[in-house]
Amino acid sequence: MTSAPKPAQPFIAQQQSELRRRLPFSDTQDFEDAARGLIARREPNAVTAADGRVVWDNDTYAFLEGEAPDTVNPSLWRQSQLVAQQGLFEVVEGVYQVRGLDLSNVTFVEGTTGIVVIDPLLSTETAAAALALYREHRGERPVTGVIYTHSHVDHFAGVKGVTTQEDVDAGRVPVLAPEGFTEHAVAENVYAGTAMARRAAYMYGAALARGPRGQVGAGLGQTTATGTVSLIAPTVEITTTGQEETVDGVRMVFQMAPDTEAPSEMLIHFPDLRVLCTAEDATHTLHNLLTLRGAVVRDPHNWSQYLTETIDLFGDTTDVAFASHHWPTWGQERVKHFLGVQRDLYGYLHDQTLRLINKGWTGSEIAEQLQLPPALEKAWSTHGYYGSVSHNLKAIYQRYMGWFDGNPAHLWQHPPVEAGKRYVEFMGGADTVVEKARGSFEAGDLRWAAEVLSHVVFAEPEHAAARDLLADTFEQLGYGSENGTWRNFYLSGTTELREGQFGTPTVTASPDIIANLSPRQLFDALAVQINGPKAWDEQLAIAVVLTDTGEEYRLRLANGVLTYSAAPQQDSADVILTTTSRQLPALALGNLAPKALADAGIQTDGDTEVLNRLAAVLDPGDRNFPIVTP
């Protein structure tokens, strides 16, 4: 099978031509806003790690010029041109952003003696490069505060590129975050972190070749940096809307927005500057209600209501709004209009989905039929570059109704391999299915071609013609997608079928993330790694004593389940682990040998063979599991 990308088929080229004619490409306001306030670009804009690896290279998107080729949806091409613009920008005097240096933006707010950093990117290397660019043009101001707007990794993981644990511990740099931040930030990247990160490799396309037939962006940002993921726990918790904090002379009023774009999220108003940070609740795209990498389904009803509250609280005292992605919006009336359109977008999707659910429609039926009203669809900021109308409507259905659509035929279906074998047999064998699918491909019915060819690949993974045609089908579906993450998913599937698996470029369950596990989160993280059948006959008890907090826990493995309790226990444990809450997370690394634990500051007393028995039934995740093949 050739690994070379192929040209767009005539039916895709025709689709792109129709979109160029139909969409309002003459509206250039976003390009004016994205370029406004530019102070300097970083030239060249590649960032390397200490070992010389390139962890970010925005220059690979230099091809995004002129009119879109037929291999890229012209609307996505436009969005990628906007998002790829990089450099240091002035939002207003005293507020500066570095954009195009990671998936997200980092913002610097100048205070009395230094700068407050908002959302320090996804990796320490890119955050440090952004800070260096700021200082090159605004002076060597020290970092005097850090703010995390929400609990997603691209908004906190570069923190050690702008400050140190020592400065935070010494009280020189407060770290502000919304209530529940650490719990959600850590849990998301550990419990199902391996699977989420593996699927994020598909979603962001960080391993894909850049170019008109490859990765062109992810809609929200270009892609993810592949550098060092860090975390410093917050020192100041924001708990209520209206809470006011001043850091280095910068006065801020916070609005809580939990269970919107993240389970722990907040917006920030700067009353003295008449500036609003919308975090990730109002960006220049329809966002995800259920991200393709996997997450808990978000609440579009809450999202819409919080944006109404934002307008009510800050609309009349805001002259510019900026977010942790994309470019700002200037002018009080434009800001209120932008927030109102975003508010109505999530409200419409939520309310109309529920209306149709109550008429008996299923998620896939709603996703196929429901359209945005013309007034919303004509706004570029509502287009599905990151979250699509299609998969968001299915997410709303899932939130309220779950996976089952009520049809008993769907209650107990075969898994993919067994279903594939039966479909292929019923349809006359693999060769016949491939030949019929080739006709569907040539007719432009790519969705059906993908459906039936996937059955063949799961039934007969080594069927070369099926793999080849499925790769071609995914490629054409990618070329046609307006949604950046759909394009990346399709082209990642193409790449794996043609070249083999490419693993997980960005691993978010880093040592810093692990180190911030609470004791209960750590025990939960171990519990989800227990190989149940292998542990059916195991029975063991481990006591954990934390000398710094006075807490004691009892872990029990029985019936293939690892449970824990903090209640006083009458029976004795097989082994006792004595340590501190900061050293305890070393258990998550999986090496439970007494010497390794001693080196990590964990004392063992009792039958240490119990630890070997526990280690023997741990079954960690696979960062290179197959997705488009069995």
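The structure this text deals with has already been given above.
Residues numbered from 1 in each chain as written. Predicted model: local features only at pLDDT ≥ 70, side-chain atom pairs only at ≥ 80, totals over all residues. Heavy atoms only, no water.

### Here we look at the overall build of the chain
- Within the chain, the regular secondary structure consists of 21 helices and 21 strands.
- Here the chain has a C-alpha radius of gyration of 26 Å; the compact-globule value for 630 residues is 25 Å, and the two agree.
- The proportion of buried residues among the 630 residues of the chain is 54%.
- Approximately 25500 Å² of the chain is accessible, and the part contributed by carbon and sulfur atoms is 50%. (Helix = DSSP H or I, 4+ residues; strand = E, 2+ residues; numbered from the N terminus. Rg over C-alpha atoms; globule rule 2.2 N^0.38 Å. Buried < 20%, exposed > 50% of the residue type's maximum accessible area, 1.4 Å probe, protein only. Areas by Shrake-Rupley, 256 points an atom, 1.4 Å probe, with all protein chains shown as cover.)

### Looking at the nonpolar core
- Counting 70 residues, the largest nonpolar core has Phe108, Val146, Tyr148, Phe156, Ile542 and Val544 as its most contacted members.
- Per-element tally for this core: the top contributor is helix H4 (residues 124–138), with six residues.
- For Phe156, the residues in contact, after removing those within four places along its chain, are Pro120, Leu121, Tyr148, His150, Ser151, Phe181, Ala185, Asn189, Ser230, Leu231 and Ile513.
- Core analysis: the second largest hydrophobic core is formed by 31 residues, Ala282, Leu286, Tyr346 and Ala395 among them. (Core = buried A, V, L, I, M, F, W, Y, C linked by side-chain atoms within 4.5 Å. Contact = heavy atoms within 4.5 Å.)

### Some thoughts on helix H1 (residues 10–22)
- Across its 13 residues, H1 extends 18 Å between first and last C-alpha, which sits within 8% of the 18 Å expected from 1.5 Å per residue.
- Residues of H1 that are buried include every one of Ile12, Ala13, Gln16 and Leu19, and no others. An end-on view of H1 places all buried positions within 120° of arc, on one side of the element. Opposite the packed face of H1, turned more than 90 degrees from it, sit the exposed residues Pro10, Arg21 and Arg22.
- Buried residues in H1 make contact with helix H3 (74–83), helix H15 (446–459) and helix H16 (464–480). (Expected span 1.5 Å × (residues − 1). Arc of directions from axis to C-beta.)

### With respect to the sheet that holds strand S1 (residues 38–40)
- The eight strands are arranged S1-S4-S5-S6-S7-S8-S9-S10 in an open sheet whose pairing can be described as mixed. If you trace the sheet from one side to the other, it starts and ends with S1 and strand S10 (236–238), each paired once. This sheet shows a mean twist of 25° between the axes of neighbouring strands, independent of strand direction.
- Examined bridge by bridge, strand S4 (residues 87–92) and strand S5 (residues 95–99) share five bridges and lie antiparallel to one another. When the sheet's bridge partners are listed, Gly87 is paired in S5 with Arg99.
- On top of the sheet, H4 reaches S1, S4, S5, strand S6 (106–110), strand S7 (115–118) and strand S8 (143–147); it is set at about 35° to S6, its chief contact. (Pairing = 2+ DSSP bridges. Axes fitted to C-alpha atoms, helices over the stretch in contact; angles between N-to-C directions.)

### Brief notes about the side chain of His325
- Looking at the secondary structure, you find His325 in the loop between strand S15 (320–322) and strand S16 (329–330).
- Take His325: its relative accessible area is 0%, and that puts it in the buried class.
- Among the polar contacts listed, one links the side chain of His325 to the side chain of His155, at a separation of 3.3 Å.
- Beyond its immediate chain neighbours, meaning those up to four positions away, His325 contacts Leu103, Ser104, Asn105, Asp154, His155, Leu220, Glu280 and Thr283. (Polar contact = N/O pair within 3.5 Å; in protein donor to acceptor, adjacent residues only side chain to side chain.)

### Some details on the pairing of strand S19 (residues 561–565)
- As paired strands, strand S18 (residues 552–558) and S19 are joined by five bridges and run antiparallel to one another. Across the sheet, the residue bridging to Leu557 is Leu562, located in S19.
- Counted along the chain from S18 to the antiparallel partner S19, the turn is two residues long, and its residue Asn559 has a positive phi close to 60°.

### Here's the deal with unusual backbone geometry
- Geometrically, the link from Glu43 to Pro44 is a cis peptide bond, its omega value of -15° lying close to zero.
- Take Pro44: it is sitting in the loop between S1 and strand S2 (46–48).
- Non-glycine residue Asp259 carries a positive phi angle of around 60°.
- Within the secondary structure, Asp259 sits in the loop between strand S12 (250–256) and strand S13 (266–270).
- Of note, the phi angle at Asn559 is positive, near 60°, even though the residue is not glycine.
- Along the chain, Asn559 falls in the loop between S18 and S19.
- A residue is classified by how much of its surface remains accessible, and Asn559, at 67% relative accessible area, is exposed.

### Overview of the environment of Pro328
- Tracing the backbone through its elements, the reader meets Pro328 in the loop between S15 and S16.
- Among the residues examined, Pro328 registers a relative accessible area of 1% and is labelled buried.
- For the pair formed by Pro328 and Thr547, sequence separation is 219 residues and the distance between their alpha carbons is 49 Å.
- Setting aside chain neighbours within four positions, we find Pro328 in contact with Asp33, Val91, Gln97, Arg99, His284, Val320, Ala321 and Phe322.

The quantities given are spatial measurements derived from coordinates; they are silent on function.
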